[in-house]
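Chain by chain, the residues:
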Amino acid sequence: QVQVVESGGGLVQPGGSLRLSCVASGTIFGVNAMAWYRQAPGKQRELVAQVTNGGSTYYGDSVKGRFTISRDNAKNTVSLQMNSLKPEDTALYYCNANLRSSGRIGWNDYWGQGTQVTVSS
């Protein structure tokens, strides 16, 4: 059974920084892309940033230049460094991992429970 667990959310003032971390654990045979999504109240879940197992990255337009995604393939972890945070970054942030495991056939998406990020003075 695979578990995806996020950590690092919290309350921060505008202009501040936070670092989110996520680890995928269990019987994992391979990990493809790992990503961070977010969902604000009343809005759809959106892709914030993604990193492939080869290191290629994608960022949503609203976070380019402020957020940095990184991963450790050996540990099945992904992090999101968030700088220059704005109130509009307030959301529940979810970690996503596309991977192969013992419990399901093929490549599948696994999600964490989410970690709250609140940007407010």
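Criteria and cut-off values
- Residues numbered from 1 in each chain as written.
- Predicted model: local features only at pLDDT ≥ 70, side-chain atom pairs only at ≥ 80, totals over all residues.
- Heavy atoms only, no water.
- Helix = DSSP H or I, 4+ residues; strand = E, 2+ residues; numbered from the N terminus.
- Rg over C-alpha atoms; globule rule 2.2 N^0.38 Å.
- Contact = heavy atoms within 4.5 Å.
- Salt bridge = Lys/Arg side-chain N within 4 Å of Asp/Glu carboxyl O.
- Buried < 20%, exposed > 50% of the residue type's maximum accessible area, 1.4 Å probe, protein only.
- Pairing = 2+ DSSP bridges.

K.L.:
Tell me what's going on with the overall build of the protein chain, and back it up with residues and numbers.
P.N.:
Tallying secondary structure elements over the protein chain gives zero helices and eleven strands in all. Listing every helix and strand of the protein chain by position from the N terminus yields β-β-β-β-β-β-β-β-β-β-β. Here the C-alpha atoms of the protein chain give a radius of gyration of 14 Å, agreeing with the 14 Å that 2.2 N^0.38 yields for 121 residues. Expressed as lengths along the three principal axes of its C-alpha atoms, the size of the protein chain is roughly 45 × 25 × 20 Å. The long-range fraction of contacts in the protein chain, counting pairs at least 24 apart against all pairs at least 6 apart in sequence, stands at 56%.

K.L.:
Report on the pattern of salt bridges, specifying residues and quantitative values.
P.N.:
Summed over the entire model, instances satisfying the criterion amount to four salt bridges. Between Arg 38 and Glu 46 there is a salt bridge, with its nearest N and O atoms 2.6 Å apart. Classification of Arg 38 as buried rests on a relative accessible area of 5%. Judged by its relative accessible area of 35%, Glu 46 falls in the partly exposed class. For the salt bridge of Asp 61 with Lys 64, the shortest nitrogen-to-oxygen distance reads 3.1 Å. Classification of Lys 64 as exposed rests on a relative accessible area of 51%. Taken together, the shared-partner salt bridges connect Arg 38, Glu 46, Arg 66 and Asp 89 into one network.

K.L.:
I'd like a description of the pairing of strand S5 (residues 46-51), backed by residues and values.
P.N.:
Inspection of the sheet shows strand S4 (residues 28-39) paired to S5 by five bridges, in the antiparallel sense. From the neighbouring strand, Ala 35 faces S5, where its bridge partner is Gln 50. Here three bridges tie S5 to strand S6 (residues 57-59), and the two strands are oriented antiparallel to one another. The partner of Ala 49 across the bridge, within S6, is Tyr 59.

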